Amino acid sequence: MFESSDTNLKSHVNRVSVSVTLSDGSVVNLAIRLPMSGKLHDAMNNGDLFLDVLEVDGRQTFLSKQAVRSIQLLAAPKANLNVQRRSSDRTAFNPYAVLGVDKETSTADIRQAYHDLARKYHPDRLANYSLPQEMMDYAAAMLVRLNLAYEQIGG
């Protein structure tokens, strides 16, 4: 009844992508597990001797804090949420391209394409995964674009 799997536990872990310069001068890109506060500063300054990290290939390892010379956050590109600019520029915003359909596509197929994409990008569905905030912002922006495209086509 109270069983839990490792994959279930790992899905709720908050990590941040960083570039770490080690004491020997080598540089590695890792994802560091953050504490409950969600701050890298707290992960580095708590009493733990090791950092829980994921390597690029997905392997979980533990890195000695003494081996770290410096850490730099790897910033993911921000989602552009300026939907008003997009919707006012009709030449750049192609609702058919957003939905991945042709102009000759039937109303039922347009509706199906819209529902498939909306399901794929819906923030509630993606909340089950341990994604960075930038990815959640991107999904929200995509959902807004999908809704706008569907409204413009009149599906």
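Throughout this description, residue numbers start from 1 for each chain and increase along the sequence as written. Owing to the predicted nature of the model, reporting of local features is limited to residues with pLDDT of at least 70; listing and counting of side-chain atom pairs is limited to 80 or more, with chain, interface and lining totals taken over all residues. Where side-chain values are given, they derive from all heavy atoms of the structure, hydrogens and water being excluded.

Draft legend 1. Expanded view of the packing of helix α5 (residues 107–121) against helix α7 (residues 133–153). Think of each axis as a best-fit line through the C-alpha atoms, taken over the contacting stretch in the case of a helix, with angles from 0 to 180 degrees between the N-to-C directions. A helix here means a DSSP run of H or I that spans at least four residues, while a strand means a run of E at least two residues long, and both kinds are numbered starting from the N terminus. The interhelical angle for the contact between α5 and α7, taken along N-to-C directions, is 165°, at an axis separation of 9 Å. On the basis of the axis angle, α5 is roughly antiparallel to α7. In the packing of α5 onto α7, the handedness of the crossing is left-handed. The residues of α7 that touch α5, namely those facing I110, R111, Y114, L117, A118 and Y121, are Y138, A139, M142, L143, L146, N147, Y150 and I153. Side-chain classes follow a simple rule in which Ala, Val, Leu, Ile, Met, Phe, Trp, Tyr, Cys and Pro form the nonpolar group, Asp, Glu, Lys and Arg form the charged group, and the remainder, Gly included, forms the polar group. Tallied by class, the residues present in the contact of α5 with α7 amount to 12 nonpolar, 1 polar and 1 charged. Here is the rule for angles: anything less than 35 degrees is roughly parallel, anything more than 145 is roughly antiparallel, 65 through 115 is roughly perpendicular, and the remaining ranges are oblique. A crossing counts as left-handed when the near helix is turned anticlockwise from the far one by less than a right angle, and as right-handed when that turn is clockwise. The contact criterion used is simple: two residues touch if any of their non-hydrogen atoms lie within 4.5 Å.

Draft legend 2. The arrangement of the confidence of the model for the chain in detail. Here the chain shows a mean pLDDT of 80. Residues at 70 or above account for 79%. Within the chain, no element has a lower average pLDDT than helix α1 (residues 6–10), which sits at 42, and none a higher one than strand β4 (residues 60–64), at 93. The predictor reports its confidence for every residue as pLDDT, a score running from 0 up to 100. Here residues 1–11 is a poorly scored stretch, pLDDT under 50, and it has 6 contacts once near neighbours within four places are set aside; other chains count.

Draft legend 3. View of α5. For α5, with 15 residues, the first-to-last C-alpha span of 21 Å sits near the 21 Å given by 1.5 Å per residue. Packed against the buried residues of α5 are α4 (95–99), α6 (123–126) and α7. Helix span is expected to be 1.5 Å times the residue number reduced by one.

Draft legend 4. The arrangement of the sheet that holds β4 in detail. Following DSSP output, two strands are said to pair if at least two bridges run between them. Reading across the sheet, the 5 strands line up as β4-β3-β2-β1-β5 and stay open at both edges, with antiparallel pairing between neighbours. Looking at which strands have only one partner, the edges of the open sheet turn out to be β4 and β5 (68–73). Within this sheet the neighbouring strands show an average axis-to-axis angle of 45°, counted without direction. Note: strand β2 (residues 27–33) against strand β3 (residues 50–54), 2 bridges, orientation antiparallel. Looking across to β3, one finds that I32 is bridged to V53.

Draft legend 5. Region of the structure containing the side chain of D52. Considering the arrangement of structural elements, one finds D52 in strand β3. Any residue under 20% of the maximum accessible area for its type is buried, any over 50% is exposed, and the rest in between are partly exposed; the area is computed with a 1.4 Å probe on protein chains only. Residue classification places D52 among the buried residues on the basis of a relative accessible area of 12%. When near neighbours in sequence (up to four residues on either side) are disregarded, D52 contacts R15, A31, I32, R33, Q60, T61 and F62.

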